[in-house]
Amino acid sequence: MSGQRVGFVANFSQPGFIVKKWQKEEEDFIDINLTDDEIERIISNFDEISMCLGQYPAELHRDWISLSNFITTCTLTRLVPYCGRLYSCPHFLSKPSNTQERLALKSSHTTDCSNKNSEDLLPNLSIIPGTEVRFTSIPTKPLYPPLSSPSEITAHCMDQTYTLCTTIDVIFSSITSEKASGLNKELESTRELLGEFQFAFLNLLLNHSIEGWEQWRRIFQLLASCEKAIVDYPNLYIDFITVIYHQLNNANRSEVSSSDSAVELLDIFFSESSSSSTQCKLTEPGFLPTMIGRLLKNIYSVCTSDITNKTCPSETSNILNDLFKRADGFAHNIKHRFKWDMITSYQLLQRCTPNITEIPIEEFDWDGDEAPVIVQL
């Protein structure tokens, strides 16, 4: 990816050359196809050409690997737009119209404002086909099996494992049969989900795409809202915590280190903060601290459950123990870096003791519409 308006993705499976010409007026690249003679000439004069190329930031190579280690050729084949470009904002195409139609619409709106919507005067826009990133469709509301009872619907809304499994099935079905043959469905699909999660973050980080941010947010919220899936896919959650850790490390860096007014990427994860520094105490927690808190509480709850410990095979129990340690270390790291009051395993165990009868006040939004009602008997 390159640039803040338009970028591209190149996956090099073997050494080669890609030549593109930048058009300043159109703000786009032109692909230049090289002949065999031109490639041979570049190879023979490689030392001379290298003098005109930008220096590769070798010090960031390890960071790049940690941000893209789950992105595969299959991931790029699924997600990259058909046009081969990644745009920072959608490209819209308005519905064809003429001056008479627009004047008639405006006149009708002026004469009868009570029966018209102001949005009717806006142009009818649609995204130009082939320019959008082909992200997996994540349900906006929790899914549940057909013919579910009201109690089952409530359970599937609280634990969105069924929605996650449906999304994983959609991802697996989008993988070509040649790629999927002979591979483990669970392993391949979960890795592709993490690859899409990383791709969405990089699309936001490098291309400043709000669509990337929205998809990153949807996948994060889905994984953080599951409990049974933690037992079914423990390795997915171990890798998920690792991915989040590296993303936060890189998002914490200012885009322009030499500028005092540089806005840190993490600022968009909060609804409001007392200053632009990520070290400040948030006055109103936003999406990121809320989802991390929900994720950690679900992991702690599942890993310390007696039912889980008795019913899971020994191999799964060992993986859950590793997940518990990984989550606890992540919670301490987040609490130290961002001063968030994240729940730790020690606090959870204290709450689970029989002598604790107080209501965990910090777990509820007492000022919101969903605040619990306390009834004195």
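Residues numbered from 1 in each chain as written. Predicted model: local features only at pLDDT ≥ 70, side-chain atom pairs only at ≥ 80, totals over all residues. Heavy atoms only, no water.

Caption draft 1: Up close: the side chain of S209. Take S209: it is sitting in the loop between helix 9 (185-207) and helix 10 (210-224). Classification of S209 by relative accessible area gives buried; the value is 1%. A distance of 3.2 Å separates a polar atom in the side chain of S209 from a polar atom in the side chain of E211. Beyond its immediate stretch of four places on either side in the chain, S209 contacts Y87, S88, N203 and L204. (Helix = DSSP H or I, 4+ residues; strand = E, 2+ residues; numbered from the N terminus. Buried < 20%, exposed > 50% of the residue type's maximum accessible area, 1.4 Å probe, protein only. Polar contact = N/O pair within 3.5 Å; in protein donor to acceptor, adjacent residues only side chain to side chain. Contact = heavy atoms within 4.5 Å.)

Caption draft 2: Representation of the pattern of salt bridges within the structure. As enumerated under the stated definition, the model contains six salt bridges in all. For the salt bridge of R78 with E192, the shortest nitrogen-to-oxygen distance reads 3.1 Å. On the criterion of sequence distance, the pair formed by R78 in helix 4 (residues 73-79) and E192 in helix 9 is long-range, its members being 114 residues apart. Given the relative accessible area of 2%, E192 is considered buried. Within the structure, one salt-bridge network assembled from shared partners comprises K20, D28, D31 and R85. (Salt bridge = Lys/Arg side-chain N within 4 Å of Asp/Glu carboxyl O.)

Caption draft 3: Quick peek at helix 9. With 23 residues, helix 9 should cover 33 Å at 1.5 Å per step; its first-to-last C-alpha distance of 31 Å lies within 8% of that length. Counting buried positions over the 23 residues of helix 9 gives 17, a clear majority of the element. (Expected span 1.5 Å × (residues − 1).)

Caption draft 4: Local environment of the packing of aromatic side chains. Tallied over the entire structure, the rule returns 15 aromatic pairs. Aromatic side chains F220 and F240 sit 5.3 Å apart centroid to centroid with 75° between the ring planes, which places their arrangement in the edge-to-face category. Here F220, found in helix 10, pairs with F240, found in helix 12 (residues 234-251); they are 20 residues apart in sequence, far enough to count as distant. Taken as a pair, F220 and F240 share a single burial class, namely buried. Here Y237 and F240 contribute two aromatic rings whose centre-to-centre distance is 6.4 Å and whose plane-to-plane angle is 90°, an arrangement assigned as edge-to-face. (Phe/Tyr/Trp six-rings, centres within 6.5 Å; stacked < 30°, edge-to-face > 60°.)

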